[in-house]
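Spelled out, the chains give:
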Amino acid sequence: MNILAIDTSTMISTVTIASDSEIIGDFNVNQQKTHSESLVPMIETLLDLLGMNVKDIDRFVISKGPGSFTGLRIGMTIAKTLAQANDKKLIAVSTLLALANNSCSDKLKVPMIDARGNRIYGAVYDKDFNEVIKEDLYTIDVFSKLVNELDDEVELIGEVSSKYEDLFINRRTLPISFNNCIGKSLIKVCLENLDQSYNLYELSPNYLRKSQAERELLNDKKNAN
């Protein structure tokens with residue numbers, strides 16, 4: 001089975017390909033181009049380097065969020081198009097769960113993604129990747145308090161970990177190599193959920209909050225009243 005995973009939930013565009021349980025290609029780019037400019041060429045380039053065609057892919061995987069609104073829309077649209085055009089299954093995986101899967105220790109895993117304004121998308125998972133604190137949008141003060149109340153050793157995972165590590169008591173901040181690029185973890189989660197049923201047409205990004213445009217529209221309506 002050949003699996004192609006896509007992640008566009010942050011500034012990093014990721015395309016990863018596995019054959020059975022072996023990662024055979026992993027392409028990650030953090031650049032000024034938008035995902036809409038870089039993602040399709042990355043997919044084509046990686047397939048070409050591996051001597052493969054998109055028709056050789058048996059399963060597609062996409063990180064569904066939370067994360068960048070624009071990035072998630074682009075990634076989901078391209079993944080659904082590829083899956084539909086090739087009549088293949090698409091599996092959607094939480095970005096935070098995939099980030100947590102960058103670690104395989106027995107400690108509680110605390111993946112975090114920057115949501116700006118001293119807010120993060122965060123969650124806590126145990127060693128078996130069960131949710132201990134549900135994924136949601138939190139202020140960093142509220143989230144760190146919830147984590148500290150668990151009174152257990154935790155691993156902070158994500159690019160904002162070093163920024164906020166002093167707010168967590170029993171923490172270990174993972175090295176840079178664990179804090180982004182989740183394509184391999186998307187493959188891992190996919191392999192563990194091959195039999196799960198997904199409706200391609202019902203899949204949508206998990207934003208966890210309204211977009212800035214939607215928030216501004218609501219504020220305008222409130223002010224008008």
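Since the structure is predicted, the reported quantities are computational estimates derived from the model, not experimental observations. (Residues numbered from 1 in each chain as written. Predicted model: local features only at pLDDT ≥ 70, side-chain atom pairs only at ≥ 80, totals over all residues. Heavy atoms only, no water.)

A. Local environment of the environment of Ile120. Tracing the backbone through its elements, the reader meets Ile120 in strand S7 (residues 119-125). Overall, Ile120 belongs to the buried group, its relative accessible area being 0%. Once the C-alpha coordinates of Ile120 and Phe168 are considered, the two residues, 48 residues apart in sequence, prove to be 14 Å apart. Ignoring any residue separated from it by four or fewer positions in sequence, one finds Ile120 in contact with Met112, Ile113, Ala115, Asp136, Leu137, Tyr138, Ile140, Phe143, Val160 and Tyr164. (Helix = DSSP H or I, 4+ residues; strand = E, 2+ residues; numbered from the N terminus. Buried < 20%, exposed > 50% of the residue type's maximum accessible area, 1.4 Å probe, protein only. Contact = heavy atoms within 4.5 Å.)

B. Fine view of the UniProt feature "domain: Gcp-like" (unreviewed entry) in the protein. Sequence positions flagged by UniProt for "domain: Gcp-like" (unreviewed entry) are, in local numbering, residues 32-143. Within the segment residues 32-143, helix and strand shares are 38% and 32% respectively, and the terminal C-alpha atoms sit 31 Å apart. (UniProt positions renumbered as here; feature names shortened; annotations may be inferred.)

C. Region of interest: helix H6 (residues 183-192). For H6, the set of buried residues is Gly183, Ser185, Leu186, Ile187, Val189 and Cys190. Here the buried face of H6 lies against strand S1 (2-7), strand S2 (12-19), strand S3 (22-30), strand S4 (59-65), strand S5 (89-94) and helix H3 (95-100).

D. Fine view of the nonpolar core. Val61, Val93, Leu96, Leu97, Tyr121, Tyr125 and Leu186 are the most contacted members of the largest nonpolar core, which totals 25 residues. Here this core gets five residues from one element, more than from any other, and that element is H3. If you count residues domain by domain, this core takes at least three from each of domain 1 (2-95 + 180-211) and domain 2 (99-178). Apart from the residues within four sequence positions on either side, Tyr125 is in contact with Ser94, Leu96, Leu97, Ala100, Lys107, Leu108, Lys109, Pro111, Asn130, Glu131, Val132 and Glu135. (Core = buried A, V, L, I, M, F, W, Y, C linked by side-chain atoms within 4.5 Å. Domains from an automatic or database assignment.)

E. Summary view of the domain arrangement of the protein. Partitioning the protein into domains gives domain 1 (2-95 + 180-211) and domain 2 (99-178). The distance between the C-alpha centroids of domain 1 and domain 2 comes to 24 Å. Listed as interface residues are 17 residues of domain 1 and, on the opposing side, 15 residues of domain 2. Buried surface at the junction of domain 1 and domain 2, both sides included, amounts to about 1,300 Å², of which 46% is carbon and sulfur. In terms of surface lost to domain 2, no three residues of domain 1 exceed Asn180, Leu208 and Arg209, which account for 42% of the buried area on that side. At the junction of domain 1 and domain 2, the tally comes to eight residue pairs in polar contact (both at pLDDT 80 or more). Here the side of domain 1 that touches domain 2 gets three residues from one element, more than from any other, and that element is H6. For the side of domain 1 that touches domain 2, a count of residues per class yields eight nonpolar, seven polar and two charged. (Buried area = accessible area lost by both parts, 1.4 Å probe. Polar contact = N/O pair within 3.5 Å; in protein donor to acceptor, adjacent residues only side chain to side chain. Nonpolar A, V, L, I, M, F, W, Y, C, P; charged D, E, K, R; others polar.)

F. Structural detail: the packing of aromatic side chains. Scanning the entire structure with this criterion turns up three aromatic pairs. The interplanar angle of 5° and the centroid separation of 4.7 Å between the aromatic rings of Phe69 and Tyr207 together place this pair among those described as stacked. Placement of Phe69 in helix H2 (residues 69-85) and of Tyr207 in the loop between H6 and helix H7 (212-224) is noted, with a sequence separation of 138 residues between them. According to the relative accessible area criterion, Phe69 is buried, its value standing at 13%. Both rings, one in Phe143 and one in Phe168, keep their centres 6.3 Å apart while their planes meet at 70°; by these two values the pair is edge-to-face. Here Phe143 is found in helix H4 (residues 140-148), whereas its partner Phe168 is found in the loop between helix H5 (161-164) and strand S10 (171-173), with 25 residues between them in sequence. The two residues Phe143 and Phe168 agree in class, both being buried. An aromatic cluster is present here, built from Tyr138, Phe143 and Phe168 joined pairwise through their rings. (Phe/Tyr/Trp six-rings, centres within 6.5 Å; stacked < 30°, edge-to-face > 60°.)

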